[in-house]
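Structural overview
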Amino acid sequence: QQSKNNISSKRDISFDSETYNFIVTPTKEMVSDSTRSSYSILIVGFLFSVIVSGYFITTKRTIITKTKQITKNSNRNEVIVKAFQHDFQSHEERYNYILKELVTLGESQSGFLFSVNMDGKSEIKSCFSIFTKEKCNHSLLEKIIVENPLIQKVLSEMTPVVENDYEMNNEFSEMKICDQKVHRFAAIPLQRNGDIIVIVLINKDSQYNPDSLNQVSILLIGLWNMLERSMQIDEIKYIGYHDVLTGLYNRRYYQEYLDEIDIPENYPISVIMSDINGLKLINDAFGHLVGDKLLVSAANVISNSCKETDMIARVGGDEFVIIMPRTSELEAGEIIDTIKKEAKRIKVESIELSISFGLKTKYENNPSIEEIFRSAEDLMYREKLLEIPSMRSGAIETILNTLYEKDKNSEIHSRAVSKISEKIAEFNGLDRQEINEIKTAGLLHDIGKIIIPISIIIKEGKLTTEEYDLIKGHPEIGFRILNSSHDMRGISNIVLNHHERWDGFGYPRGIKAEEIPLQARIIAIADAFDAMTSIRTYREKISNEEALNEIIRCANTQFDPKLVKVFAENFDSIISNVI
């Protein structure tokens, strides 16, 4: 009861029963404290909710952004990998693929790609647009590249340029590309192996921003690296299967192709073996550059005469093979006739292109394709044995005529040496065959000079060491030219040695005395005499008597003393034959 009184005195509390169920009527102080506590809790709760919600919203946005970025990166990398793996049929197809992917990644309506030299001023090297040629005149793109100030800024500063309000910028005149007005514009440069490559993107729905430019830049660099790698691989493959000089397939490709083509669906298969006649002779006479020119001419004639389905390969230095699926022997023979007809029209250094052929056709599974090839090769060599002598004989005559056309004095000199040598041989007691041989050798003794530039042959004054060394090479060149013909091999040995000296200080071999062939020793005297008594650009000529005395003086050193004696004793008769 006391407790009741005490409580009651402090708060308005009434007890309804002995169980102390009670009702409290709050005082003013109690209401004020309670309200403040509730507001505080509500404010703290609200702030906490805002912070938590903000965190989750920000996190969600970050996740979405990161996801988009990862997706873009993944798509970009996938494009680069596909570009590397794609088997493009042409450079144009490759460039158009790159451009299409760049425009797609840049979220643009269209675009174009071009390259120029590093100075940025040279003629445009290439230009590709995403439009077809029917929709877009590419010459207009080249005009825009030259005239547009933003593109010129890209080229001069080598930095990306963006204009998101192109139409409203009064600095620029209206730009239309393929009937499409430009309202947003981005251009990104790439420096690559001496060129500047620029991708121009046009009319993105939203604004171009650093992230989109960065993505396009990375893709451009990646695609270009893949392009170069792919082109390098293509080049390696091409070199691996093609002959560098003629552009035809090589032996490696031919050997792989031979097994693939030998199936019943391709029967009859005709195999043609061909060989350039006299290539070594032409190389020796005019140099390997002229020989290469002859090979290229032969390759072109063969290629132009064959069908697209035929496989043509250079399988040796001067050998070509033609594999002709679904071609009868009669059809293949007609193609050979066409090639021979066209070859006659080809002349390299006045020498007519001559080709020998062998043909064999496979109609069924046996014999093997390798046996067919060998049979065609054997037939070719048989034809070559018949054709090569006349071809070489004609070629030697052509070489000699070419030399005479270069230097008229060479013809006069050669004929004089031939006559003098013939008379010395007669007075020395040689038989008719030996005399005829030395007469021919005298006529051909300087044929090796065909390879010497005319500027050196007719040079006034003293030759340089290099020029003299070139002159000294003409006996060996003459030997190689003549030695290619079976009928000329004896004469070729005379020509090789006609500048050797009796004392061993001659060239090219440095042999001496009777090691030097007799005919070569005779020609040495005749050659020296006519040289001294003829007009030369490098010295005055001397009289016949002075020349004879010089030859007598050089007996036992330069010349065979016995032959000098024969020459001196019969001098008047020998010289009268020349005049």
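This is a predicted model, so every value here is computed, not measured.

1. Some remarks on the overall build of the chain
For the chain, the count of helices and strands is 21 helices and 15 strands. Contacts in the chain between residues at least 24 apart in sequence constitute 62% of all its contacts with a sequence separation of at least 6. Carbon and sulfur atoms make up 52% of the accessible area of the chain, which amounts to about 32100 Å² in all.

2. Here's the deal with the sheet that holds strand 12 (residues 319-324)
Strand order in the open sheet formed by four strands is 11-12-10-15, with antiparallel pairing between adjacent strands. Of all the strands in the sheet, the pair left with one neighbour each is strand 11 (311-314) and strand 15 (355-362). Within the sheet, the average angular offset between the axes of one strand and its neighbour, ignoring direction, is 15 degrees. In this sheet, strand 12 lies alongside strand 10 (residues 269-276) in antiparallel orientation, the contact comprising six bridges. Bridging across to strand 12, Ile272 finds its partner in Ile322. The strands touched by helix 11 (residues 369-406) within the sheet are strand 10, strand 12 and strand 15, with strand 15 carrying the most contacts at an inclination of about 150 degrees.

3. Here we look at the packing of aromatic side chains
Evaluated as defined, the whole model comprises 10 aromatic pairs. When the ring of Phe529 is compared with that of Phe567, the centres are 5.6 Å apart and the planes differ by 70 degrees; the resulting orientation is edge-to-face. Taken together, the positions of Phe529 in helix 18 (residues 518-533) and Phe567 in helix 20 (residues 561-569) put the pair 38 residues apart, joining distant regions of the chain. With a relative accessible area of 0%, Phe567 lands in the buried category. Ring centres of Phe567 and Phe571 lie 5.5 Å apart, and the angle between their planes is 85 degrees; this geometry places the pair in the edge-to-face category. Counting every residue linked through ring pairs, the aromatic cluster contains Tyr241, Tyr249, Tyr253 and Tyr257. Over the ring of Tyr241 we find Arg252, and its NZ or CZ is 4.8 Å from the ring centre.

4. Focus on a negative patch on the surface
On the surface, a cluster of negative charge is contributed by Asp259, Glu260, Glu370 and Glu371. Counting residues per element, the ones that place at least two in the negative patch are helix 7 (251-261) and helix 11. On the secondary structure map, Glu260 appears in helix 7. By relative accessible area, Glu260 is classed as exposed at 57%.

5. Describing a nonpolar patch on the surface
A grouping of Tyr238, Ile239 and Val244 is seen on the molecular surface, where their side chains present a nonpolar patch of about 330 Å² in accessible area. Looking at where Val244 falls in the secondary structure, it is placed in the loop between helix 6 (210-241) and helix 7. Residue classification places Val244 among the exposed residues on the basis of a relative accessible area of 71%.

6. Remarks on unusual backbone geometry
Look at the link from Asn366 to Pro367: it is a cis peptide, with omega at 0 degrees. Take Pro367: it is sitting in the loop between strand 15 and helix 11. With an omega of 10 degrees, the peptide bond running from Tyr507 to Pro508 counts as cis. Its identity is not glycine, yet Ala513 carries a phi of approximately 50 degrees, on the positive side.

7. Structural notes on the pairing of strand 9 (residues 195-204)
Where burial is concerned, most of strand 9 is hidden: 10 out of the 10 residues are buried. With nine bridges connecting them, strand 3 (residues 108-117) and strand 9 associate as antiparallel partners. Residue Ser115 lies in a different strand from strand 9, and its bridge partner there is Ile197. Across eight bridges, strand 8 (residues 185-192) lies against strand 9 in antiparallel orientation. In the sheet register, Gln191 faces strand 9, and the bridge partner there is Ile196.

8. Focus: the pattern of salt bridges
Under the definition given, this model contains 19 salt bridges. In this structure, the salt-bridge partner of Lys459 is Glu467, at a minimum N-O distance of 2.7 Å. With a relative accessible area of 23%, Lys459 lands in the partly exposed category. With its nearest N and O atoms 2.7 Å apart, the salt bridge here joins Arg521 to Asp560. One end of the pair, Arg521, is in helix 18; the other, Asp560, is in the loop between helix 19 (544-553) and helix 20, with 39 residues separating them in the sequence. By relative accessible area, Asp560 is classed as buried at 6%. Shared partners join several salt bridges into a network, and the residues in it are Glu167, Glu174 and Lys181.

9. Let's talk about the confidence of the model for the chain
Per-residue pLDDT for the chain averages 82, and the proportion of residues at 70 or more is 82%. Ignoring residues within four places in sequence, the model shows residues 7-24, a span with pLDDT below 50, making 20 contacts including any to other chains.

10. Notes on the packing of helix 8 (residues 279-286) against helix 9 (residues 288-305)
When two helices pack together, their arrangement is given by the angle between the helix axes and by the axis-to-axis distance. The N-to-C vectors of helix 8 and helix 9 enclose an angle of 145 degrees; their axes lie 7 Å apart at closest approach. On helix 9, the residues that touch Leu279, Ile282, Asn283 and Phe286 of helix 8 are His288, Val290, Gly291, Leu294 and Leu295.

11. Description of the pairing of strand 8
Two faces belong to every sheet, and in a regular strand the side chains alternate between them. By the criterion of burial, strand 8 is predominantly enclosed, with six of the eight residues buried. Across three bridges, strand 5 (residues 161-163) lies against strand 8 in antiparallel orientation. Bridge pairing links Glu163 to Phe185 in strand 8. Taking the residues that link successive antiparallel strands as the turn, the strand 8-strand 9 hairpin has two residues, and the phi of Asn193 there is positive, at about 45 degrees.

12. Some details on the environment of Ile221
By secondary structure assignment, the location of Ile221 is in helix 6. Distance in space between the C-alpha atoms of Ile221 and Gln191 is 9.4 Å, their sequence separation being 30 residues.

13. Looking at helix 21 (residues 571-578)
Of the residues making up helix 21, those classed as buried are Phe571, Ile574 and Ile575. Taken around the axis of helix 21, the buried residues stretch over an arc of 90 degrees, which confines them to a single face. Where helix 21 is buried, its residues contact helix 12 (408-427), helix 18, helix 19 and helix 20.

About the criteria used
- Residues numbered from 1 in each chain as written.
- Predicted model: local features only at pLDDT ≥ 70, side-chain atom pairs only at ≥ 80, totals over all residues.
- Heavy atoms only, no water.
- Helix = DSSP H or I, 4+ residues; strand = E, 2+ residues; numbered from the N terminus.
- Contact = heavy atoms within 4.5 Å.
- Areas by Shrake-Rupley, 256 points an atom, 1.4 Å probe, with all protein chains shown as cover.
- Pairing = 2+ DSSP bridges.
- Axes fitted to C-alpha atoms, helices over the stretch in contact; angles between N-to-C directions.
- Phe/Tyr/Trp six-rings, centres within 6.5 Å; stacked < 30°, edge-to-face > 60°.
- Buried < 20%, exposed > 50% of the residue type's maximum accessible area, 1.4 Å probe, protein only.
- Lys NZ or Arg CZ within 6 Å of the ring centre and 35° of its normal.
- Patch = residues over 30% accessible without salt bridge, like charges linked within 9 Å, V, L, I, M, F, W, Y side chains within 5 Å.
- Salt bridge = Lys/Arg side-chain N within 4 Å of Asp/Glu carboxyl O.
- Lys, Arg positive; Asp, Glu negative; His and termini not counted.
- Charge placed at Lys NZ, Arg CZ, Asp CG, Glu CD.
- pLDDT = per-residue confidence, 0-100.
- Arc of directions from axis to C-beta.

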